[in-house]
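Spelled out, the chains give:
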Amino acid sequence: MTHTYRTTADYGTIDGRRGGWKERASHYALLPLRLFLGVTFIYAGIDKLTDSQFMAASGQGSVGDLMRSVRDTSAVPALVDLALKNPEGFGYAIALGELAVGIGTLVGLLARLAALGGALISLSLWLTVSWQTEPYYYGNDLAYLMAWLPLVLAGASFLSLDALLADRRRRMP
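All values derive from a computational prediction rather than experimental measurement. (Residues numbered from 1 in each chain as written. Predicted model: local features only at pLDDT ≥ 70, side-chain atom pairs only at ≥ 80, totals over all residues. Heavy atoms only, no water.)

1. Concerning the overall build of the chain
Step number 1: Per the secondary structure count, the chain includes eight helices and two strands.
Step number 2: When the helices and strands of the chain are placed in sequence order, the string is β-β-α-α-α-α-α-α-α-α.
Step number 3: Going through the 173 residues of the chain one by one, you find that 34% of them count as buried.
Step number 4: Long-range pairs, those at least 24 residues apart, make up 63% of the contacts in the chain with a sequence separation of at least 6.
Step number 5: Approximately 11000 Å² of the chain is accessible, and the part contributed by carbon and sulfur atoms is 63%. (Helix = DSSP H or I, 4+ residues; strand = E, 2+ residues; numbered from the N terminus. Buried < 20%, exposed > 50% of the residue type's maximum accessible area, 1.4 Å probe, protein only. Contact = heavy atoms within 4.5 Å. Areas by Shrake-Rupley, 256 points an atom, 1.4 Å probe, with all protein chains shown as cover.)

Here you go:
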């Protein structure tokens, strides 16, 4: 018969259950990813909204010129053509989408939906803007797409408004 001895440092509680450091670490595992993606997308949205050059149909640094420059090298030129019908509207849609996704992810409100939005933004940017990047791993949109997927699957069950609301619903008679 073998006996396992644990010190008190090996134990903690998670949701009222006892667990070791591995359980505690897995409980916090997605929090750094959530914080990084939330802050990054908020920053990206604000950066676009406050850049008058970006929000223009044409001119150096404009969303219109960016879309025209990637049109022939994108995986889905029809998506670029759609953006070119109203470049300013597309710029605002991307910026406001990034802002909403970032806030939802950071505070954990409708976190799976926010993560899905982030994944779709990253996918659309990968298929259009960074598709021609070679080698493919130099483009960051694909990495962002992959980073969103764990949050799409797991949501924000810790330190989030979703968790707070779920806890309230459980406590209601």
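Continuing now.
2. What about the packing of aromatic side chains?
Step number 1: A complete count under the given rule lists seven aromatic pairs for this structure.
Step number 2: Relative to Phe158, the ring of Tyr28 has its centre 4.7 Å away and its plane inclined at 85°; by these criteria the two rings are edge-to-face. Placement of the pair is Tyr28 in helix 1 (residues 21–28) and Phe158 in the loop between helix 7 (140–154) and helix 8 (161–171), with a sequence separation of 130 residues.
Step number 3: Residue classification places Tyr28 among the partly exposed positions, given a relative accessible area of 43%.
Step number 4: Ring centres 5.0 Å apart and planes at 85° place the aromatic pair Phe41 and Trp148 in the edge-to-face group. Placement of the pair is Phe41 in helix 2 (residues 31–49) and Trp148 in helix 7, with a sequence separation of 107 residues. We note that Phe41, like Trp148, is buried.
Step number 5: In this structure an aromatic cluster arises from ring pairing among Phe36, Phe41, Tyr144 and Trp148.
Step number 6: It is Lys48 that lies over the ring of Phe54; its NZ or CZ is 5.9 Å from the centre. (Phe/Tyr/Trp six-rings, centres within 6.5 Å; stacked < 30°, edge-to-face > 60°. Lys NZ or Arg CZ within 6 Å of the ring centre and 35° of its normal.)

3. Points about the confidence of the model for the chain
Step number 1: Per-residue pLDDT for the chain averages 89, and the proportion of residues at 70 or more is 89%.
Step number 2: The low-confidence segment residues 1–12 (pLDDT under 50) makes 13 contacts with residues lying over four places distant or belonging to another chain. (pLDDT = per-residue confidence, 0-100.)

4. Looking at a nonpolar patch on the surface
Step number 1: Where nonpolar side chains cluster on the molecular surface, the patch consists of Ile103, Val107, Leu109, Leu110, Leu113, Leu116, Leu120, Leu123, Leu161, Leu164 and Leu165 and spans about 910 Å² of accessible area.
Step number 2: Every element with two or more residues in the nonpolar patch is listed here: helix 5 (87–107), helix 6 (111–128) and helix 8.
Step number 3: A total of four residues in the nonpolar patch trace back to one element, the largest contributor, which is helix 6. (Patch = residues over 30% accessible without salt bridge, like charges linked within 9 Å, V, L, I, M, F, W, Y side chains within 5 Å. Salt bridge = Lys/Arg side-chain N within 4 Å of Asp/Glu carboxyl O.)

5. Some thoughts on the pattern of salt bridges
Step number 1: The final tally for this structure, using the stated rule, is six salt bridges.
Step number 2: The partner of Arg68 in a salt bridge is Asp65, and the shortest N-O contact between them spans 2.9 Å. With Arg68 and Asp65 both in helix 3 (residues 63–70) and three residues apart, the pair spans about one turn of that helix.
Step number 3: Arg68 gets classed as partly exposed once you look at its relative accessible area, which sits at 40%.
Step number 4: The class of Asp65 is partly exposed, set by a relative accessible area of 31%.
Step number 5: Taking the shortest distance from any N to any O, the salt bridge between Asp167 and Arg170 comes out at 3.6 Å. One end of the pair, Asp167, and the other, Arg170, are both in helix 8, three residues apart, so they sit about a helical turn from each other.
Step number 6: A residue is classified by how much of its surface remains accessible, and Arg170, at 61% relative accessible area, is exposed.
Step number 7: Salt bridges linked by common partners bring Arg71, Asp72 and Asp81 together as one network.

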